[in-house]
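Report on the structure
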Amino acid sequence: MFDFFKSETNNNNENNKKRGRENENENENTFENKKTKMEIKTEDFGSGGAALLGATNGMNGAMVINPGEKSNTLGGQTVGHYANRDMHLRKQEEDGELQWKVIKNDGNEQHSIWLIALKNIFSKQLPNMPKEYIVRLVFDPRHHSMLCLKNDVVIGGITYRPFWRQNMCEIAFCAISANEQVKGYGTRLMNHLKEYVKEEEDMTHLITFADNNAVGYFSKQGFTKDIVMEREKWVGYIKEYDGGTIMECALEAQISYVDFPKNIRAQRECVEAKVREMTTAHVVYPGLTRFKDGGEFGKHRITDPLSTIKGLKEAKWKAPDPPRYRLVHPGCVDGYPTIENLHKFMRSIVAIVKTHPDSWPFISAVNKEEVPDYYEVVKDPTDIESVSERLESENYYVTLEMFAADFKRMFENCRLYNAVDTIYYKCANRLELFFDAKIAAGITFKVREAGSYLNR
Ligand code: ACO
């Protein structure tokens, strides 16, 4: 079975000797090993688009993509599940459980066995790709393969072709076996590849013809659809295909891709330490207990927050200026916006809003049975009944702004969920105008008109 490989390798050896290059067969291109390069004729085409045809097996029933999660590319790096995953894989590397090797078809029997295993993974994971084509490229001595070995078993890899003169590599195939996907191996593999080709092969760019299903993965690895590399470097080398996307990743000389998450973690710790030095935001005081037992109106009001609530002073909190408006609502005696006066005014507003002919959509909470997706769209719902409950608790609305904000949110929710031409949308607009008018009619900023509060 290995005759084919041997004959390929022998030819290759001959060529290399002729070119006076190092014998590439002797060692695997592990990270420690010396750089090996091959001459590529300019008329040779790359294997571009190879994976394009086959990468429909991307999810394999095992892949769950969470669109809300943050990117792990350079730009959007966060230290979260990605860094934790990476730490776990580093530990596997340290324990010798996980290994990365760069090999090619060089006649070494072990390499051939590994390449067959990798070829099988590609065939399975890229089911639309002709198997012969995969075999041809994986065993083409001009192609290199970075293997991911877990307990000495190949669980994935990347086959790529270096274009030495252009300092650019074309990724032909990239896959992780189905039962090992979404565990971070794909990311670690790409990071090792970047580090290896940058350090050992003097490459400055990776380029690939990504299957549309895999564009998300490549984007997270820092590949972009904008090709900034000079056209003459890749046009004519990378064959273009319809239905896939050519993507590029520029390699930064000063970045250690393998240590990247570790470095980010260290930077984050450093920034956090500095923030802790300069602020008190990390100091957490025990919560207030006074509200626990409920109680009668006014009982829990805090008259001197700065001395009663720990941390306020440290946070440089200042009591807000007293309200500049006064209430001109009947029964609000001196018009000063005390809690009692405010609640009288708010109750009258709720009562009058309820009687308005456009209030019917807002009286109570939207029924989930009747509008199943409402609460998926509206994340912070409210209605007049809920506002009334808050009002009746007598502890909730301590300013008129809080009360008006709940109404405002109610109208905005309605306009968010409903289309402009619906009755609901129009009701929201009309009722809001009515609400605003009633609030405006109940307050004045000309304090003297408000009553005798100035004599208090
Ligand atoms: N589309 C969108 N996002 C993806 C995809 C995808 N197809 N695959 C992985 N991701 C995301 C992951 O959710 C993860 O996101 P997160 O960091 O925000 O959590 C991130 O990319 C990396 O995930 P890993 O666990 O590191 O990747 P994994 O080990 O699963 O390997 C790979 C990714 C190689 C694409 C694997 O899923 C696979 O073998 N797929 C089938 C073959 C394939 O499509 N190969 C690429 C074809 S194109 C080409 O070879 C040039």
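Residues numbered from 1 in each chain as written. Predicted model: local features only at pLDDT ≥ 70, side-chain atom pairs only at ≥ 80, totals over all residues. Heavy atoms only, no water.

Considering the packing of helix α13 (residues 400-417) against helix α14 (residues 423-442)
Two numbers describe how α13 lies on α14: the axes approach to 8 Å, and their chain directions differ by 165°. It follows from the interaxial angle that α13 and α14 lie roughly antiparallel. Considering only the axes of α13 and α14, their crossing is left-handed. Of α14, the residues touching α13 (which contributes Leu 400, Phe 403, Ala 404, Phe 407, Lys 408, Phe 411, Cys 414 and Arg 415) are Tyr 424, Tyr 425, Ala 428, Asn 429, Leu 431, Glu 432, Phe 435 and Ile 439. Partitioned by chemical class, the residues of the contact of α13 with α14 number twelve nonpolar, one polar and three charged. (Axes fitted to C-alpha atoms, helices over the stretch in contact; angles between N-to-C directions. Helix = DSSP H or I, 4+ residues; strand = E, 2+ residues; numbered from the N terminus. Parallel < 35°, antiparallel > 145°, perpendicular 65-115°, else oblique. Left-handed = near helix turned anticlockwise from the far one by under 90°. Contact = heavy atoms within 4.5 Å. Nonpolar A, V, L, I, M, F, W, Y, C, P; charged D, E, K, R; others polar.)

Topic: a nonpolar patch on the surface
A contiguous nonpolar patch, built from Trp 360, Ile 423 and Tyr 424 and spanning about 320 Å² of accessible area, is present on the exposed surface. Its place among the elements puts Ile 423 in helix α14. Relative accessible area serves as the criterion here: at 45%, Ile 423 is assigned to the partly exposed category. (Patch = residues over 30% accessible without salt bridge, like charges linked within 9 Å, V, L, I, M, F, W, Y side chains within 5 Å. Areas by Shrake-Rupley, 256 points an atom, 1.4 Å probe, with all protein chains shown as cover. Salt bridge = Lys/Arg side-chain N within 4 Å of Asp/Glu carboxyl O. Buried < 20%, exposed > 50% of the residue type's maximum accessible area, 1.4 Å probe, protein only.)

Regarding the sheet that holds strand β2 (residues 144-150)
An order of β1-β2-β3-β4-β5-β6 is seen for the six strands of this open sheet, with the pairing classed as mixed. Strands at the two margins of the open sheet, each flanked by one partner only, are β1 (98-103) and β6 (244-250). Strand-to-strand twist in this sheet, taken as the mean axis angle between neighbours without regard to direction, amounts to 25°. Pairing analysis gives six bridges linking β1 to β2, with the strands arranged antiparallel. Bridge pairing links Ile 103 to Ser 145 in β2. Relative to the sheet, helix α5 (residues 185-200) contacts β1, β2, β3 (153-163), β4 (168-176), β5 (205-211) and β6, its axis offset from that of β3 by approximately 35°. (Pairing = 2+ DSSP bridges.)

Regarding the packing of aromatic side chains
Evaluated as defined, the whole model comprises 17 aromatic pairs. An angle of 55° between the planes, with centres 5.0 Å apart, marks the rings of Tyr 374 and Tyr 417 as tilted. Of this pair, Tyr 374 sits in helix α11 (residues 374-377) while Tyr 417 sits in helix α13, and the two are 43 residues apart along the sequence. For Tyr 374, a relative accessible area of 7% corresponds to the buried category. Ring plane angle 90° and centroid distance 5.0 Å describe the contact between Tyr 396 and Tyr 397, whose orientation is recorded as edge-to-face. The class of Tyr 397 is buried, set by a relative accessible area of 0%. Grouped by ring-pair contacts, the aromatic residues Phe 362, Tyr 396, Tyr 397, Phe 403, Phe 407, Phe 411 and Phe 435 constitute a single cluster. (Phe/Tyr/Trp six-rings, centres within 6.5 Å; stacked < 30°, edge-to-face > 60°.)

Remarks on the pairing of β4
With nine of its nine residues buried, β4 lies for the most part within the structure. Pairing of β3 with β4 involves eight bridges; the strand directions are antiparallel. When the sheet's bridge partners are listed, Phe 163 is paired in β4 with Met 168. Taken together, β3 and the strand that follows it, β4, pair antiparallel across an intervening segment of four residues, in which Asn 167 is found at a positive phi of about 55°. The pairing of β4 with β5 spans four bridges and is classified as parallel.

Quick look at the confidence of the model for the chain
When pLDDT is averaged across the chain, the result is 81; 77% of the residues are at 70 or more. Ranking the helices and strands of the chain by mean pLDDT puts β2 first, with 98, and helix α1 (residues 3-18) last, with 35. Note on residues 1-79: pLDDT under 50 across the span, and 182 contacts to partners over four residues away in sequence or across chains. Note on residues 450-456: pLDDT under 50 across the span, and 18 contacts to partners over four residues away in sequence or across chains. (pLDDT = per-residue confidence, 0-100.)

Regarding the environment of Ala 365
For Ala 365, the position within the fold is in the loop between α10 (339-355) and α11. Taking the C-alpha atoms as reference points, Ala 365 and Pro 381, 16 residues apart in sequence, are found 7.8 Å from one another. In contact with Ala 365, other than residues within four places in its own chain, are Tyr 375 and Asp 383.

Considerations on the nonpolar core
With 35 residues, the main nonpolar core has Tyr 160, Ile 171, Leu 193, Val 197 and Leu 206 as its most contacted residues. The element best represented in this core is α5, accounting for six residues. Counting residues in each nonpolar core, the second largest holds 26 residues, with Cys 332, Leu 400, Ala 428 and Leu 431 among its members. (Core = buried A, V, L, I, M, F, W, Y, C linked by side-chain atoms within 4.5 Å.)

Structural notes on the pairing of β6
Across the seven residues that make up β6, a large majority, five, are buried. Across seven bridges, β5 lies against β6 in antiparallel orientation. Residue pairing for β6: Leu 206 is matched across the bridge by Cys 249.

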